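Spelled out, the chains give:
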Amino acid sequence: MLEMDIINRLLDLLMFRLGVEENYDGKVTPIVTTGSIVWGILLRSAIILFFSFIVMELIENRKYWWISLLFLWLFAAYPGWKQYQFFKKKIQDVEESTLCGKCVHFDSTSQLCKLYDEHVAEGYIPCEGVDWEPKSENEDVY
Ligand code: SF4
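First, a word on what this report is: a plain description of the structure on this page. Quick caveat, the model's predicted, so the values are computed rather than measured. (Residues numbered from 1 in each chain as written. Predicted model: local features only at pLDDT ≥ 70, side-chain atom pairs only at ≥ 80, totals over all residues.)

### Considering the overall build of the protein
Heads up, the rule is: Each helix is a run of DSSP H or I of at least 4 residues and each strand a run of E of at least 2, with the numbering of both proceeding from the N terminus. Here, residue contact means that the backbone-derived C-beta atoms of the two residues sit within 7 Å.
On a plain count of helices and strands, the protein comes out with three helices and five strands. Put simply, the protein runs from its N terminus to its C terminus through helices and strands in the order α-β-β-α-α-β-β-β. A sequence separation of at least 24 residues applies to 58% of the contacts in the protein between residues at least 6 apart.

Below, the structure written as structure tokens:
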């Protein structure tokens with residue numbers, strides 16, 4: 001069972017799955033974060049480069065190295081960038097629709113409440129509003 005979880009997690013990372021969040025015991029854990037996107041791009045790039053080297057060794061011809069760059073763009077960089085756009089939009093939605101989005105303790109890069117060290121979602125506010133403190137006007141909005 002643990003192996004399946006690890007494999008599923010790996011596939012999520014490789015495929016930039018759009019599953020947004022998981023719920024355990026009423027707590028929310030976002031699946032897609034800035035870290036998961038970067039990790040996915042690195043993982044994909046490593047796999048593409050690994051197989052590129054193998055293929056080039058097999059065909060004993062390195063003049064097609066640029067195809068690796070094309071694959072890197074098509075299967076790592078571009079999907080990662082698209083996923084990042086999706087992630088940014090989602091954070092914006094959380095910021096606009098929850099109390100946490102206007103709170104000084106909210107960290108938009110990880111969708112986290114810094115005070116409670118828990119992830120925030122549209123249906124889940126860790127402090128239930130008790131510790132809310134307004135953001136100052138000058139603070140950057142994500
Ligand atoms: S302190 Fe409360 S309102 Fe502020 S980010 Fe954390 S959970 Fe949200």
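### Observations regarding the sheet that holds strand 5 (residues 118-119)
One key point about sheets: their strands pair by backbone hydrogen bonds, in either a parallel or an antiparallel sense. Going by this rule: For two strands to be treated as a pair, DSSP must find at least two bridges joining them.
In space, the three strands of this open sheet follow the order 3-4-5, with antiparallel pairing throughout. The sheet is open, and its two edges are formed by strand 3 (106-107) and strand 5, each paired on a single side. Sheet topology note: the strand 3/strand 4 (residues 112-113) ladder contains two bridges and is antiparallel. For aspartate 107, the partnering residue across the bridge sits in strand 4 and is leucine 112.

### Overview of the site of the ligand
Where we set the bar: Residues are classed as near a molecule or strand if the C-beta position derived from their backbone is within 6 Å of it. Note on residue classes: Ala, Val, Leu, Ile, Met, Phe, Trp, Tyr, Cys and Pro are nonpolar, Asp, Glu, Lys and Arg are charged, and everything else, Gly too, is polar.
Close contacts around the ligand come from 14 residues, with Cys100, Cys103, Cys113, Cys127 and Trp132 the closest. Class assignment for the residues of the shell around the ligand results in 12 nonpolar, one polar and one charged.

### So, the nonpolar core
Inside soluble globular proteins, nonpolar side chains tend to come together where they are buried. Applied cut-off: Core membership is restricted to buried Ala, Val, Leu, Ile, Met, Phe, Trp, Tyr and Cys residues, and these are joined into a nonpolar core through C-beta atoms within 7 Å. The exposure scheme places C-beta atoms from the backbone and then counts, for each residue, the other C-beta atoms within 10 Å of its own, assigning buried at 20 or more, exposed at 12 or fewer, and partly exposed in between. Those domain boundaries reflect an automatic or database domain assignment.
By size, the foremost hydrophobic cluster in this structure holds 14 residues, and its most contacted members are Ile37, Phe87, Val94, Cys100, Phe106, Cys113 and Val120. The element best represented in this core is helix 3 (residues 66-97), accounting for four residues. Composition of this core by domain shows at least three residues from each of domain 1 (31-89) and domain 2 (98-132). Setting aside anything within four residues of it in sequence, one finds cysteine 100 in contact with Phe106, Cys113, Val120 and Ile125.

### Some points on helix 3
Residues separated by three or four positions in an α-helix point in the same direction, a consequence of the helix having 3.6 residues per turn. Short version of the rule: Multiplying 1.5 Å by the residue count of a helix minus one yields the expected span of that helix. One fitted axis covers the seven residues ending at a residue, a second covers the seven starting there, and the bend at that residue is the angle between these axes.
With 32 residues, helix 3 should reach 46 Å at 1.5 Å per residue; the first-to-last C-alpha distance of 45 Å fits that figure. At tryptophan 73, helix 3 shows its maximal kink, close to 40 degrees. The set of residues buried in helix 3 consists of Ala76, Phe87, Ile91 and Val94. Residues of helix 3 that are buried sit in contact with helix 2 (34-59).

### Points about the packing of helix 2 against helix 3
To keep it simple, the criterion reads: As a rule, the C-alpha atoms of each element are fitted with a line to give its axis, helices using only the stretch in contact, and angles between N-to-C directions run from 0 to 180 degrees. Orientation categories follow fixed angle ranges, with anything under 35 degrees roughly parallel, anything over 145 roughly antiparallel, 65 to 115 roughly perpendicular, and all other angles oblique.
Running from N to C, helix 2 and helix 3 cross one another at 170 degrees; their axes reach a closest spacing of 9 Å. As judged from the angle between their axes, helix 2 and helix 3 are roughly antiparallel. Every residue of helix 3 that contacts helix 2 at Thr34, Ile37, Gly40, Ile41, Arg44, Ser45, Ile48, Leu49 and Ser52 is listed here: Ser68, Phe71, Leu72, Phe75, Ala76, Ala77, Gly80, Gln83, Tyr84 and Phe87. Along the lines of polarity and charge, the residues of the contact of helix 2 with helix 3 split into 11 nonpolar, seven polar and one charged.

### A few points about unusual backbone geometry
Phi is positive for aspartate 117, close to 55 degrees, though the residue is something other than glycine. Structurally, the position occupied by aspartate 117 is in the loop between strand 4 and strand 5. For glutamate 128, which is not glycine, the phi dihedral falls at a positive 55 degrees. The residue glutamate 128 is located in the segment after strand 5 in this model.

Fair warning: the whole summary comes from geometry, so function is off the table for now.
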